[in-house]
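# Secondary and tertiary structure notes
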Amino acid sequence: MTDACPGVPLIELRDAAFGWRGRPAVHGISGGFAAGSMTAVAGPNGAGKSTLIKGIVGLMRPLAGTLRIAGGARRGLAWLPQAADLDRTFPITVLDMVAMGAWRRVGPWRRFNAAETERTWQALELVGLVGEAGRIVGSLSGGQMQRALFARLMLQDAQVLLLDEPFAAVDSHTADALMRLLCAWHAEGRTVVAVLHDLALVRRHFGQTLLLAGRQVAWGPTAEVLTPGHLAAARGAPREWL
Amino acid sequence: MTALDWVVAPFADFGFMRRALAGTSAAALGAAPLGVFLVLRRMSLMGDAMSHAILPGVAAGFLLAGLSLGAMLLGGLVTGLAVALLAGLVARLTPLREDASFAAFYLISLGLGVLLVSLRGSNMDLLHVLFGTVLGLDDAALLLVTGAASATLLTMAALYRVLVAECLDPGFLRASGGGGAWAHMVFLVLVVANLVAGFQVLGTLMVVGMMMLPAAAARFWLPTVAAQIVLAAALGVAAGIAGLLVSYHWNLPASPAIILAAGAIYLASVACGPQGGLLHGLAGHGRAHFR
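Quick caveat: nothing in here was measured; it's all calculated off a predicted structure. (Residues numbered from 1 in each chain as written. Chains lettered and ligands numbered in written order. Predicted model: local features only at pLDDT ≥ 70, side-chain atom pairs only at ≥ 80, totals over all residues.)

## Considering the overall build of chain B
For the record, the criterion: Segments assigned H or I by DSSP are reported as helices when at least four residues long, segments assigned E as strands when at least two residues long, and all are numbered from the N terminus. Here the radius of gyration uses the C-alpha set of atoms, whereas the globule reference equals 2.2 Å times the residue count to the power 0.38. Comment: burial labels come from other C-beta atoms within 10 Å of the residue's own C-beta, placed from the backbone, where a count of 20 or more is buried, 12 or fewer is exposed, and between is partly exposed. C-beta atoms are first placed from the backbone for all residues, and any pair lying within 7 Å is then listed as a contact.
Regarding its fold elements, chain B presents 15 helices and 0 strands. For chain B, whose C-alpha radius of gyration is 20 Å, the value lies close to the compact-globule estimate of 19 Å for 291 residues. Counting only C-alpha atoms, chain B reaches 55 × 55 × 35 Å along its principal axes. A buried classification covers 48% of the 291 residues belonging to chain B. Residue pairs in contact within chain B that sit at least 24 positions apart in sequence constitute 70% of those at least 6 positions apart.

Written as structure tokens, this is what we have:
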């Protein structure tokens, strides 16, 4: 499904550091996300998980090291921000916000045609928000907002999905439904990277894990990364775990 | 005199009233939609500060080249951007916060503008710049304000999706190919252009009222941004008509009457608007509590 050579990672980092205003929030990241892999990014609060995701998405340049994204994949990146990154008081309907997912195809000026409208309704149907389509985003609950963001992500139809705390402030029923969507996308051959706090969930569903604590603690198969030693090292970083 | 006469006769009988109506309507149609986005971006006071900041540039352009959109727009843009840049620079280099340094620079700018106008013109000129000459609009002034309103509406239609996306989720827009910073600059230029164009109609001090008051009022009536834009423009036009009529029948100065009419609409909206208005909030308190 992707034009990357087998064995060559889709996204590759070499001793990369990312941060704001010249101050690194996370550094020493070396490794790659293989095409079709499913990776969890875990670590204590302030470990630089969101910063790393934002760096890969292109919201900032690496402060040091290199970030290489396989040709063509840059346009195929889709990002699910934390709900707090949005202005939820903005007066827009759920339908319109989800329709933003078509931006790469429609852009600022092209017509939003019948096919795109159809896709928008399908996405709303899959996350169970058809009945809320006409509501203002500010009136949604935390779980409904997250479902709407998933619908927008679906509309982007990207090969690489980067999700920042997709299950934060979400009830367990919604989390299960959204997790099933993630697994389905992974089964379709898409590359999934998700920032997560729930280590049990990571062990159950994610083949790869990147453990951060302001730096890279470990990156590899989940069973080899989430060891007591690595977790203690991450906890031992001068920041609070969860 | 019937109510219809009261409303229609002043405009039917006097050319200057028809010109004033066209001028205020154009100012409302251009400025109020911009105001909706200023409210949504939490930049309401920015418009006010800008109207002061552009005064010396507009005055310099006016005194050097007369009533020329190009000269006044250029002058207003130069001083407006200079104030924004200097305020940002001071906020970055010193412990003074950005809002305080912004206030300091736009007050300096206002002083400089008043000085420039009084140096070259009479007191009458100064009053005209500050409070407008809505009852004495000539062809050039009308063309200026209608041209600016047309350009504003067309540009906003073209940039509408980018402006909405930039407000709602700027990170998403940047990750999807960007254009947000560019649209923001165009938006600020439109704000300055409307302040410049409106100054013949309402004066530099009052024109911001046409930008902010209808926009803030519309927010209390309708839930979506598109509907708020249409309503804000309509409320602005209504305030213009009401203000002109009050000014005509009771022999009051027109420009403050128009802004006060817009203010009355705003206060009524705060009280009665269904989208979070005070009375509505009281009536729905129990329900909202348990939702």
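## Points about the pairing of strand β1 (residues 11–20) of chain A
Residues and elements named next belong to chain A. Just so we agree on the cut-off: Two strands make a pair as long as DSSP finds a minimum of two bridges between them.
Two strands pair when backbone bridges link them, and β1 and strand β2 (residues 23–33) are joined in this way by 7 bridges, in the antiparallel orientation. Looking at β2, one finds that Ala16 is bridged to Ile29. Between β1 and the antiparallel strand that follows it, β2, lie 2 residues; Arg21 among them carries a positive phi value of about 50°. As defined by bridge partners, β1 adjoins strand β4 (residues 64–69) across 5 bridges and the pair is classed as antiparallel. When the sheet's bridge partners are listed, Ile11 is paired in β4 with Ile69.

## Quick word on the packing of helix α3 (residues 44–53) of chain B against helix α10 (residues 180–202) of chain B
Residue and element names in this part refer to chain B. Using the following cut-off: Axis angles are defined between N-to-C directions and span 0 to 180 degrees, where every axis is a line fitted to C-alpha atoms and, for a helix, only to the segment in contact. Note that the term roughly parallel is reserved for angles under 35 degrees, roughly antiparallel for angles over 145, roughly perpendicular for angles of 65 to 115, and oblique for everything else. Crossing handedness follows the turn of the near helix against the far one: under a right angle anticlockwise gives a left-handed crossing, and clockwise gives a right-handed one. Nonpolar residues are Ala, Val, Leu, Ile, Met, Phe, Trp, Tyr, Cys and Pro. Charged residues are Asp, Glu, Lys and Arg, and all others, Gly as well, are polar.
One can describe the packing of α3 onto α10 by two numbers: an axis separation of 10 Å at closest approach and a directional angle of 55°. By the angle class used here, α3 and α10 are oblique. As for the relative orientation of α3 and α10, their crossing is right-handed in sense. For the pair α3 and α10, the contacting residues are Gly47, Met50 and Ser51 in the first and Val191, Val192 and Leu195 in the second. For the contact of α3 with α10, the class distribution of residues is 4 nonpolar, 2 polar and no charged.

## Some points on the interface of chain A and chain B
Accessible area lost upon the coming together of the parts serves often as the stated size of an interface. With 18 residues of chain A at the interface, the matching set in chain B holds 19 residues. Split by residue class, the side of chain A that touches chain B holds 13 nonpolar, 2 polar and 3 charged.

## Re the pairing of strand β7 (residues 191–195) of chain A
All names here are of chain A. Rules: By convention, orient the strands away from the viewer: a clockwise path from the first strand over the helix to the second makes the crossover right-handed.
For β7, the buried fraction is high: 5 of the 5 residues fall into the buried class. Neither face of β7 is exposed, since Thr191, Val193 and Val195 on one face and Val192 and Ala194 on the opposite face are all buried. The pairing of strand β3 (residues 38–42) with β7 spans 4 bridges and is classified as parallel. Among the inter-strand pairings, Val41 is bridged to a residue of β7, identified as Val195. Read from strand β6 (residues 160–164) through helix α6 (residues 172–187) to β7, the crossover connection turns out right-handed.

## Thoughts on helix α13 (residues 254–272) of chain B
Put simply, the rule reads: In this scheme, a helix's expected span is set at 1.5 Å multiplied by one less than its residue total.
Relative to the 27 Å expected for 19 residues at 1.5 Å per residue, α13 of chain B spans 27 Å between its end C-alpha atoms, a close match to the ideal helical length. Taken as a whole, α13 of chain B has its buried residues at Ala254, Ser255, Ala257, Ile258, Ile259, Ala261, Ala262, Ile265, Tyr266 and Ser269 of chain B.

## Regarding the packing of helix α4 (residues 114–126) of chain A against helix α5 (residues 142–156) of chain A
Residues and elements named next belong to chain A. The N-to-C vectors of α4 and α5 enclose an angle of 135°; their axes lie 9 Å apart at closest approach. The angle between α4 and α5 falls in the class oblique. With respect to the hand of their crossing, α4 and α5 are arranged in right-handed fashion. Here Arg119, Thr120, Ala123, Leu124 and Leu126 of α4 come into contact with α5, specifically with Ala151, Met154 and Leu155. Of the residues assigned to the contact of α4 with α5, the class counts are 6 nonpolar, 1 polar and 1 charged.

## What to know about helix α1 (residues 49–57) of chain A
Residue and element names in this part refer to chain A. Along α1, 8 of the 9 residues are buried, which leaves the element largely enclosed by surrounding structure. Taken together, the buried positions of α1 are Lys49, Thr51, Leu52, Ile53, Lys54, Gly55, Ile56 and Val57. Looking one or two places after α1, you find Gly58, whose phi comes out positive at around 110°.

## Some details on the environment of Val193 of chain A
Residue and element names in this part refer to chain A. Structurally, Val193 is set in strand β7. Look at Val193 and you get buried, because 24 C-beta atoms sit within 10 Å. Sequence separation between Val193 and Leu163 is 30 residues; the distance between their C-alpha atoms is 6.2 Å. The residues touching Val193, leaving out its near neighbours within four places in the chain, are Phe33, Thr39, Val41 and Leu162.

## A look at the domain arrangement of chain A
Applied cut-off: As used throughout, domain bounds are those supplied by an automatic or database domain assignment.
Segmentation of chain A into domains returns domain 1 (1–73 + 159–168 + 186–242) and domain 2 (86–158). For domain 1 of chain A versus domain 2 of chain A, the separation of C-alpha centres amounts to 27 Å.

## Some thoughts on the sheet that holds β6 of chain A
All names here are of chain A. Across the sheet, 6 strands lie side by side as β5-β6-β7-β3-β8-β9; this open sheet has mixed pairing. Two strands lie at the open edges of the sheet, namely β5 (77–80) and β9 (216–221), each paired on one side alone. With strand direction ignored, the average angle separating the axes of adjacent strands in the sheet is 15°. Taken strand by strand, α1 contacts β3, β5, β6, β7 and β8 (208–212), and its axis lies near 150° from that of β6. Here helix α9 (residues 228–236) sits on the sheet in contact with β8 and β9, set at roughly 150° to β9.

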